[in-house]
Amino acid sequence: LGLEGARAVAEALKRNHCVEVLFISGNGIGTEGAPAIGEALKVNCGLKKLYLQYNNFGAEGTLALLDALQVNGSLTECRVDEYWDEVDALCRRN
């Protein structure tokens with residue numbers, strides 16, 4: 001997917017609240033694409049499970065997702081490679 005693909009997925013998630021499970025692991029989203037996904041998670045209220053492993057987010061990209069999870073109220077499961085405990089704790093409160 002890369003950066004442009006991540007932006008396209010993010011835009012779709014902002015408008016589509018019917019998708020409940022999304023697997024986009026191993027798609028090369030990278031550190032630059034993670035904030036786009038994060039911004040979508042701030043407004044998406046339908047997604048329940050999101051799998052993002054092996055996307056090379058690094059600490060910076062994962063922290064952008066953590067920021068989004070502070071306001072997301074629908075995700076109950078989100079898989080990433082770094083900061084797993086923090087991401088899991090935020091999802092468990094939903």
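Residues numbered from 1 in each chain as written. Predicted model: local features only at pLDDT ≥ 70, side-chain atom pairs only at ≥ 80, totals over all residues. Heavy atoms only, no water.

Right, let's get into the packing of helix α1 (residues 2-15) against helix α2 (residues 30-43). Contact geometry of α1 with α2 gives a least axis separation of 8 Å together with a crossing angle of 0 degrees. Judged on the interaxial angle alone, α2 and α1 are roughly parallel. Residues L3, A6, R7, V9, A10, L13 and K14 of α1 lie in contact with α2, whose contacting residues are E32, G33, A36, I37, E39, A40 and V43. Classifying every residue of the contact of α1 with α2 by side-chain character gives nine nonpolar, one polar and four charged. (Axes fitted to C-alpha atoms, helices over the stretch in contact; angles between N-to-C directions. Helix = DSSP H or I, 4+ residues; strand = E, 2+ residues; numbered from the N terminus. Parallel < 35°, antiparallel > 145°, perpendicular 65-115°, else oblique. Contact = heavy atoms within 4.5 Å. Nonpolar A, V, L, I, M, F, W, Y, C, P; charged D, E, K, R; others polar.)

Attention now goes to the confidence of the model for the protein. For the protein, the average pLDDT comes to 91, and 100% of its residues sit at 70 or higher. Predicted confidence in the protein is weakest over helix α4 (residues 84-92), with a mean pLDDT of 81, and strongest over strand β1 (residues 21-23), with 96. (pLDDT = per-residue confidence, 0-100.)

Among the nonpolar cores identified, the biggest contains 26 residues, and I24, I37, L41, L50, L52, L75 and C78 are the most heavily contacted of them. Residue assignment for this core shows that the elements contributing at least two residues are α1, α2, α3 (58-69) and α4. Setting aside chain neighbours within four positions, we find L41 in contact with L47, L50, L65, A68, L69, N72 and L75. (Core = buried A, V, L, I, M, F, W, Y, C linked by side-chain atoms within 4.5 Å. Buried < 20%, exposed > 50% of the residue type's maximum accessible area, 1.4 Å probe, protein only.)

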